[in-house]
Amino acid sequence: MGSSMSCCGSDKVDEGITINGGQSSWRIFTYKELHAATNGFSEDNKLGEGGFGSVYWGKTSDGLQIAVKKLKSMNSKAEMEFAVEVEVLGRVRHKNLLGLRGYCAGADQRLIVYDYMPNLSLLSHLHGQFAGEVQLDWKRRMKILLGSAEGILYLHHEVTPHIIHRDIKASNVLLDSEFEPLVADFGFAKLIPEGVSHMTTRVKGTLGYLAPEYAMWGKVSESCDVYSFGILLLETITGRKPIEKLPGGVKRTITEWAEPLISRGRFRDLVDPKLRGNFDENQLKRAINVSALCVQSEPDKRPTMKVVVGLLRGSNEPKIKAMQMRIESVKYGDDLMAIDQATTDDDDDGGEESSAFGVFGAMEVQKTHDPYKRIGDRRMGKF
Ligand SMILES: Nc1ncnc2c1ncn2[C@@H]1O[C@H](COP(=O)(O)OP(=O)(O)OP(=O)(O)O)[C@@H](O)[C@H]1O
Ligand SMILES: [Mg+2]
């Protein structure tokens, strides 16, 4: 870790940080300690795998349950991602953001330590190993959406400099024992200097959640996260994946599926059938209105996260109703659709970033994958 990492300076280690309401502090771990805590990074301890590397469950010698993210290969890009993650984590403190428990930066390894979230990710409940159990009733879904929105609102409006997450998706919303959501993974985050409305960058993120202006031109602003949140909202209500593979192999985005139902006001038909009709009609209308506002193709028309939170709470009324809007679904190029792994049946190793060429130039889009196929059924309290 370079000395420029202000958040990691030893002067701050003793300060103590309040995370999730409890008094706790982050610290530097030794590799030996993390090796012992995770049973030598054994396959049995593996929780999942993403772009950065693998995540392992562990228990420290003082009994704390942790999740250890281990960088898969050391190169300058990965090191940068690690540095950004630790830097950003050091800046944020919010009940709906997964804070830093510590890190380890040895000569040839980089590891990040978080609190272990016993209910894993929203993805695992919507499409993964917990999906069959339907632990996410309507109330929990609403709580997860509102909490996630509040976490993103904090990143966009309350922390300085403002932070754009750039990878809002169901696997990056982790759930604590009370199903309180904690937005995770700031490795892709972008710090926005004061007075800058948008920036142009290389595209990173996950197909299906990417705002069109970002996917095509790399134009990144807070409203890219708003778009991704709109997709997450639709996904959570409907129980459908952002991109689905239809019989015959054609891939369809969730907005393509939802748009005709929304425009005809058939909101009930959007709700996840697993809920067996148990939902609050007013909240449903409100949530669909919010998602329709968030996924508009013109970034300037999308609401801010402040407005989103107000609408979800019911304290504000939307100016336009979803039915009056024509949702233009994003058309990802066939080449991008082809590299999307979340909707394929094969059991890909996943996680590696691959390059593809979008309509307007070189793009880098992270392959999405379904870690649950490979990892099998891992339940709460198994350890
Ligand atoms: N703190 C944690 N507690 C419990 N499970 C976790 C924790 N952090 C990560 N996981 C699990 O590990 C999986 C892999 O996480 P990881 O962030 O590496 O990949 P991802 O979210 O699928 O993709 P990406 O690299 O784009 O974030 C997650 O889906 C989640 O189920
Ligand atoms: Mg993640």
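Please read all numbers here as calculations on a predicted model, not as lab measurements. (Residues numbered from 1 in each chain as written. Chains lettered and ligands numbered in written order. Predicted model: local features only at pLDDT ≥ 70, side-chain atom pairs only at ≥ 80, totals over all residues.)

Quick look at the overall build of the protein
Put simply, the rule is: Going along the chain from the N terminus, every DSSP run of H or I of four or more residues is numbered as a helix, and every run of E of two or more is numbered as a strand. Three classes are used. A residue is buried when 20 or more other C-beta atoms lie within 10 Å of its own, exposed when 12 or fewer do, and partly exposed in between, with C-beta atoms placed from the backbone. Contact between two residues is assigned whenever their backbone-derived C-beta positions fall within 7 Å.
A tally of regular secondary structure across the protein gives twelve helices and 18 strands. Every one of the 383 residues in the protein was classed for burial, and the buried ones make up 46%. A fraction of 66% describes how many contacts in the protein between residues 6 or more apart in sequence connect residues 24 or more apart.

Focus: the sheet that holds strand E6 (residues 65–71)
Put simply, the rule reads: When DSSP finds at least two bridges between two strands, those strands are taken to pair.
Reading across the sheet, the six strands line up as E3-E7-E8-E6-E5-E4 and stay open at both edges, with mixed pairing between neighbours. Pairing within the sheet leaves two strands with one partner each, and these edge strands are strand E3 (27–28) and strand E4 (46–49). Two elements, strand E7 (residues 102–105) and strand E8 (residues 110–115), share four bridges in a ladder whose sense is antiparallel. Its bridge partner being in E8, glycine 102 is matched across the sheet by valine 113.

Considering the nonpolar core
Defined as follows: In these notes, a nonpolar core means any group of buried Ala, Val, Leu, Ile, Met, Phe, Trp, Tyr and Cys residues linked to one another through C-beta atoms within 7 Å. Marked domain ranges trace back to an automatic or database domain assignment.
Ranked by size, the top nonpolar core spans 84 residues in total, and within it Tyr103, Phe229, Leu233, Cys294 and Val308 carry the most contacts. It is helix H7 (residues 222–238) that provides the largest number of residues to this core, a total of nine residues. Viewed by domain, this core spans two of them, domain 1 (17–115) and domain 2 (122–382), each represented by three or more residues. Look past the residues within four positions of phenylalanine 229 in its chain and what remains in contact with it is Ala149, Ile152, Ile168, Cys294 and Val308.

Some points on the site of ligand 1
Spelled out, the test is: Using a C-beta atom placed from the backbone, a residue is described as near a molecule or strand when that atom lies within 6 Å of it. When residue character is reported, Ala, Val, Leu, Ile, Met, Phe, Trp, Tyr, Cys and Pro are called nonpolar, Asp, Glu, Lys and Arg charged, and the others, Gly included, polar.
The environment of ligand 1 is made up of 25 residues, and the closest members are Gly48, Gly50, Gly51, Ala67 and Ser171. At the level of secondary structure, the elements contributing two or more residues to the shell around ligand 1 comprise E4, E6 and helix H4 (122–126). A total of three residues in the shell around ligand 1 trace back to one element, the largest contributor, which is E4. Here the shell around ligand 1 is built from residues that sort into twelve nonpolar, nine polar and four charged.

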